[in-house]
Amino acid sequence: MGSSILIKNGHIIDPSQGIDGVGDILIEDGKIKEIKKIRSSEDKKKIKNEEILTSQPLNLLSPQLKIIDAAGLYVLPGLIDMHTHLREPGFEYKETIKTGTMAAVMGGFTALCCMPNTNPVNDNETVTEFILRRTYAEGACHVYPVGAITKGQTGEELAELGMMHDAGCVAFSDDGRPVMNGLIMRRALEYSRIFNVPIISHCEDLDLSESGVMNEGSLSTILGLKGIPSASEEVMVARDIILAGLTRGRLHIAHVSTAGSVELIRRAKNDGVDVTAETCPHYFSITEDAVKNYDTNAKVTPPLRTQRDVEAIKEGLRDGTIDVIATDHAPHHRDEKLQEFDRAPSGISGLETALGLSLRLVEEGILTISQLVEKMAINPARILGLNMATLKVGADADAVIMDINKEFKVESKKFASMGKNTPFDGWVLKGMPVLTICKGKVFDWMIDE
Ligand code: DOR
């Protein structure tokens, strides 16, 4: 008999089963063995799945039982980040699979997709297999590789999508760079239909970006920094939507940052185009003002925009135009970020602040906790075709226990991630994961504090 874990008295939210109520979960050998409702959180709320929420006591057979008292805490399916940069192979001085997946579980994530802009680029099955082997050896959570669309991410020639798909890639993207050639994007979208996987598009017209380093506007003029106009993102969102319509391929727009992109995606969805979209916590939490003092930790691609864009992104999340909140976790070495603004690399280390920042949307009444779970677990799983993000009996025991009232100060020096590059250092956020369970393994850094 293997080990068992009993999570008692937690407020379970599992949209996959329509569960929103206090109950117990029994985990055995890394799988959900039983789930029992004690009472509904609000009597008027209908618990759809009464039959699995039996009123019988849980069947505690295992002699090695770990009991977790989750009274007053939320129990959610483990979060899934569909946009992480793990940096291994090639940039292990920024992050490794080991440290990146530890950062993930610290942030409440039990699965992530890693982008291919490594060295070598993940543009063939050997690199994909390497990532999966390293994950098996050292990963704290599930890792699903994203293969490159083009060889070397140069945008010139399609990579071996079929071989990478067979090796385990769940999506394709040249993230970090756009696919500037429309014909290559068209072909990639055609393949996305064959393999039934999404093409994750980094929408940026490099000619319009013109080596800009922040949002284009009066602030960029005042700071004397070259700007990237919203149009740089939006023309590519428009192009890719048109190509998705043409090919009936599966398009997913990465890191949406502008009001115009939200509107284009909204219209495309209304027109029946198969498009999904993600944004990241920094695009709804801060504006271009964060770079006012040339803080390279706020330098990111696409750049932080204006308050108007922030409001449009929140509305897009509220009305379902934006399906997913992803981190775009982009760790960089301190010395790289210490350069002048123009020269420093773009990116924010996001895995360990994503949940706290996103819970502000719940506080503001933009999303319910259940909708947040949809954006951070259910929808990524659906888009990627992963059979997870559920606490159903028989599923992998991937869960996060969260204290919605616990305030914490963001201290990047304490991040598990090697990337300390965050513009949120020192922020006090309310609501944090206190314990993550991945495949039945418990990471309980807070309980023992
Ligand atoms: O800011 C970013 N950093 N945006 C990207 O698209 C790539 C990422 C990176 O790899 O550092």
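All values derive from a computational prediction rather than experimental measurement.

### Some remarks on the pattern of salt bridges
In this structure the tally under the stated criterion is 21 salt bridges. Measuring nitrogen to oxygen at the nearest pair gives 3.7 Å for the salt bridge that ties Lys226 to Glu210. Of the two residues, Lys226 sits in the loop between helix H6 (218-223) and strand S12 (227-228) while Glu210 sits in the loop between helix H5 (206-209) and strand S11 (214-215), which places them 16 residues apart along the sequence. On the basis of relative accessibility, which here comes to 41%, the residue Lys226 falls in the partly exposed class. Two residues, Glu315 and Arg318, come together in a salt bridge whose shortest N-O distance is 2.7 Å. Here Glu315 pairs with Arg318, and both are found in helix H10 (residues 307-319), just three residues apart, close to one helical turn.

### Some words on the pairing of strand S6 (residues 79-84)
By the criterion of burial, S6 is predominantly enclosed, with six of the six residues buried. Two elements, S6 and strand S7 (residues 109-114), share four bridges in a ladder whose sense is parallel. Opposite Asp81, over in S7, you have Leu112 as the bridge partner. Tracing the backbone out of S6, into helix H1 (residues 97-106) and back to the parallel element S7 gives a crossover that is right-handed.

### Some words on the sheet that holds strand S10 (residues 199-201)
Strand order in the open sheet formed by eight strands is S6-S7-S8-S9-S10-S13-S14-S15, and the pairing between neighbours is parallel. Of all the strands in the sheet, the pair left with one neighbour each is S6 and strand S15 (324-325). Where helix H13 (residues 369-384) meets the sheet, its contacts fall on S6, S7, strand S9 (171-173), strand S13 (251-253), strand S14 (275-279) and S15, and the angle it forms with S6 comes to roughly 65°.

### Here's the deal with the site of the ligand
Inspection of the region around the ligand gives 14 residues, with Arg87, Asn117, Thr301, His332 and Ser346 positioned closest. Taking His85, its side chain carries an N or O atom lying 3.4 Å from an oxygen atom of the ligand. His332 is positioned such that a nitrogen or oxygen atom in its side chain is 3.0 Å from an oxygen atom of the ligand. Considered on its own, the ligand offers 290 Å² of accessible surface; in the complex 94% of this is hidden by protein. Looking at the shell around the ligand, its residues break down into two nonpolar, nine polar and three charged.

Rules and cut-offs
Residues numbered from 1 in each chain as written. Predicted model: local features only at pLDDT ≥ 70, side-chain atom pairs only at ≥ 80, totals over all residues. Heavy atoms only, no water. Salt bridge = Lys/Arg side-chain N within 4 Å of Asp/Glu carboxyl O. Helix = DSSP H or I, 4+ residues; strand = E, 2+ residues; numbered from the N terminus. Buried < 20%, exposed > 50% of the residue type's maximum accessible area, 1.4 Å probe, protein only. Pairing = 2+ DSSP bridges. Right-handed = clockwise from strand over helix to strand, strands pointing away. Contact = heavy atoms within 4.5 Å. Axes fitted to C-alpha atoms, helices over the stretch in contact; angles between N-to-C directions. Near = heavy atom within 4 Å. Polar contact = N/O pair within 3.5 Å; in protein donor to acceptor, adjacent residues only side chain to side chain. Areas by Shrake-Rupley, 256 points an atom, 1.4 Å probe, with all protein chains shown as cover. Nonpolar A, V, L, I, M, F, W, Y, C, P; charged D, E, K, R; others polar.

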